[in-house]
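Listed below, chain by chain, are the residues.
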Amino acid sequence: MSRRSRAAEPDPYSFGSRPYDLVKEFTIALVAVLALSIALAAVFSSPDKRPVTIATWAKADSADFTATALAELDGTSGTAQYGPPYNNASEGQKLGPVGLANLMGVTRPIDTAQDFVIRPLRSAAQTAIVSSAVARYTAASGAQQNTWTGNYSNALDKANGDPTKIAPGDYGPVPTMLTALLAQARAGSLDGQLLTESGVFYQTDYTLPLLFLADGSYLANLAGQDHLAGTQWGMMNETGNYPGQAWLWLYTFWYQISPYNNSTNGDALVWGTMAVLSLVFVFLPFIPGLRSIPRYIPVYRLIWREHYRDLRARGGT
Amino acid sequence: MSAVTQGALAAAVDLNGPGHYLNWGVIQISAANLVIIGVMIVVFVLALLLPFPKGRGRR
């Protein structure tokens, strides 16, 4: 192994120096930011939107809740058809030929009929009519269940989503089950039941109630009113007139343009694009042309203008 | 919480009303985000242009 001789380095003590108190600067910055935060919080406070729960949804839009619960029961909801990580109903998000969601597999299995409808009904104290309705439904064949839910779905459509205006028909125990679930939801108990289905006492996993809410149109409508939907640059917005996450502008930008906004793999495409751009950023010092941007736009000369002025005065460049 | 306490703790400027948004083609941005971005640009330009404070002991 050969070692190339290195050029003699200048003595660091030969340069000029200036005293610099890092602790002082840190303390000043901390106090200034703290004072600014307290002052801004006092003047503007913070967003004060009431939380959206299953109970508020069921009270505000019982027709949407019933239609969504029916979709969970017959497996046609967004969650039921999503694919990994919840089920195998579809192949999930793909990036070109690579099935990203499939690679990870079903890591959070969800059976929408069981998790959103049947188990909550069973876990609460019910009348004999409701209990026998659940028993009748679960004992029936899949074909029979589909007939009941299909008939009820068609009837709901004809009644404009209003369960009270449904014409008599062959719906089996489905109306009884959904009416009981709606009553549980309106009472507020369904929120708690969906949280405790995992059996953990201290629960912070809101996956089930959030997915149930997201399968309906109530939450999406509220989000749209507050400009929080994906098609409204929602990722960088906040409710009301509060500033949001402006730094997510590039991530949410892709969702507004083709092909991202009309692809079934939009999330994977946006993720892939941002991954490529992030790699470009990380490897910027090695990319010809891009690494020369400071030479073309010499902002650093503006920052260190005093130094370059001195240099010019001494005959340097 | 009493109404008096709530009144005392209320924000001087209430931003919880309907949001204001600006649309320009595919671009849609809230007035609040635009203000914040503007302030960030102003702070950046000031950081570039304001001279460094000179310490007394500078050599």
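Residues numbered from 1 in each chain as written. Chains lettered and ligands numbered in written order. Predicted model: local features only at pLDDT ≥ 70, side-chain atom pairs only at ≥ 80, totals over all residues.

1. Details of the overall build of chain B
The helix and strand tally for chain B stands at two helices and two strands. Order of helices (α) and strands (β) in chain B, N terminus to C terminus: α-β-β-α. The burial tally for chain B puts 7% of its 59 residues in the buried class. (Helix = DSSP H or I, 4+ residues; strand = E, 2+ residues; numbered from the N terminus. Buried ≥ 20, exposed ≤ 12 C-beta atoms within 10 Å, placed from the backbone.)

2. Brief notes about the overall build of chain A
Regarding its fold elements, chain A presents 16 helices and zero strands. For chain A, the C-alpha radius of gyration of 30 Å lies well beyond 20 Å, the compact-globule estimate for 317 residues. Over its C-alpha atoms, taken along the principal directions, chain A stretches across nearly 95 × 55 × 40 Å. With 317 residues in all, chain A has 22% of them scored as buried. Residue pairs at least 24 apart in sequence account for 51% of intrachain contacts in chain A once pairs closer than 6 positions are excluded. (Rg over C-alpha atoms; globule rule 2.2 N^0.38 Å. Contact = placed C-beta atoms within 7 Å.)

3. With respect to helix α7 (residues 142-158) of chain A
Residues and elements named next belong to chain A. Under the 1.5 Å per step criterion, the end-to-end length of α7 is 24 Å for 17 residues, consistent within 8% with the ideal 24 Å. Turning to α7, its buried residues are Q145, W148, T149, Y152 and L156. All buried residues of α7 lie within an arc of 90° about the axis, which places them on one face of the element. The exposed residues of α7 that point more than 90 degrees off its buried face are A143, D157 and K158. Here the buried face of α7 lies against α3 (62-74), α6 (128-139) and α8 (174-187). (Expected span 1.5 Å × (residues − 1). Arc of directions from axis to C-beta.)

4. Some thoughts on the interface of chain B and chain A
Listed per partner, the contact involves 24 residues of chain B and 26 residues of chain A. Only β2 (27-30) and α2 (31-49) of chain B provide two or more residues apiece to the side of chain B that touches chain A. It is α2(B) that contributes the most residues to the side of chain B that touches chain A, seven residues altogether. A class-by-class count of the residues in the side of chain B that touches chain A yields 13 nonpolar, nine polar and two charged. (Nonpolar A, V, L, I, M, F, W, Y, C, P; charged D, E, K, R; others polar.)

5. Observations concerning the packing of helix α5 (residues 112-123) of chain A against α8(A)
Residues and elements named next belong to chain A. Where α5 contacts α8, the axes come no closer than 10 Å and their chain directions differ by 75°. Taken together, α5 and α8 sit at an angle that is classed as roughly perpendicular. The residues of α8 that touch α5, namely those facing V117, P120 and L121, are M177, A180, L181 and Q184. Its residues assigned to classes, the contact of α5 with α8 shows six nonpolar, one polar and no charged. (Axes fitted to C-alpha atoms, helices over the stretch in contact; angles between N-to-C directions. Parallel < 35°, antiparallel > 145°, perpendicular 65-115°, else oblique.)

6. Here we look at the UniProt feature "transmembrane region" (unreviewed entry) in chain B
Here the UniProt-annotated "transmembrane region" (unreviewed entry) positions come out as residues 26-50 of chain B. Helix and strand shares over residues 26-50 of chain B are 76% and 16% respectively, and the end C-alpha atoms of the span are 36 Å apart. (UniProt positions renumbered as here; feature names shortened; annotations may be inferred.)

7. Details of unusual backbone geometry
Residues and elements named next belong to chain A. With an omega dihedral of 10°, the bond running from P84 to P85 counts as a cis peptide bond. Position of P85 relative to the elements: it lies in the loop between α3 and α4 (100-104). With an omega of 5°, the peptide bond between S258 and P259 qualifies as cis. Unlike most non-glycine residues, N160 shows phi in positive territory, near 55°. The residue N160 is located in the loop between α7 and α8 in this model.

8. Let's talk about the pairing of strand β1 (residues 21-24) of chain B
Residues and elements named next belong to chain B. Relative to β2, β1 runs antiparallel, the two sharing four bridges. In the strand pairing of β2, Y21 is matched with S30. In textbook terms, the turn of a hairpin is the stretch between consecutive antiparallel strands, and for β1 and β2 this stretch comprises two residues, one of which, G25, has a positive phi near 60°. (Pairing = 2+ DSSP bridges.)

9. Overview of the confidence of the model for chain B
Residues and elements named next belong to chain B. Averaged over all residues, the pLDDT of chain B equals 82, while 73% of them reach at least 70. Across chain B, the element-wise mean pLDDT spans from 59 in helix α1 (residues 3-9) up to 95 in β2. In the model output, the complex is listed with pTM 0.83 alongside ipTM 0.81. (pLDDT = per-residue confidence, 0-100.)

10. Describing the UniProt feature "transmembrane region" (unreviewed entry) in chain A
As recorded in UniProt, the sites labelled "transmembrane region" (unreviewed entry) are residues 268-287 of chain A. Between the C-alpha atoms that bound residues 268-287 of chain A there is a distance of 26 Å. The span itself is 75% helix and 0% strand.

11. Some details on the packing of α6(A) against α8(A)
Residue and element names in this part refer to chain A. Contact geometry of α6 with α8 gives a least axis separation of 9 Å together with a crossing angle of 125°. In this view, α6 runs oblique relative to α8, as classed from their interaxial angle. The crossing of α6 and α8 is left-handed. Residues I129, V130, A133, V134 and Y137 of α6 form the contact with α8, whose own contacting residues are T176, M177 and A180. In the contact of α6 with α8, the residues fall into seven nonpolar, one polar and no charged. (Left-handed = near helix turned anticlockwise from the far one by under 90°.)

12. Some words on the nonpolar core
By size, the foremost hydrophobic cluster in this structure holds 32 residues, and its most contacted members are A:I54, A:A69, A:L70, A:V117, A:M177, A:L181 and A:F212. In this view, A:V117 contacts A:A69, A:E72, A:L73, A:M177 and A:L181; residues no more than four positions away in its chain are not counted. (Core = buried A, V, L, I, M, F, W, Y, C linked by C-beta atoms within 7 Å.)

13. Re α6(A)
All names here are of chain A. In this model α6 runs 16 Å from its N-terminal to its C-terminal C-alpha over 12 residues, within 8% of the 16 Å that 1.5 Å per residue would give. What α6 keeps buried is the set V130, A133 and Y137. Around the axis of α6, the buried residues are gathered within 60° of arc, so they sit on the same side. In α6, the exposed residues that point more than 90 degrees away from the buried face are A128, A135 and A139. In the core, the buried residues of α6 are packed alongside α5, α7 and α8.

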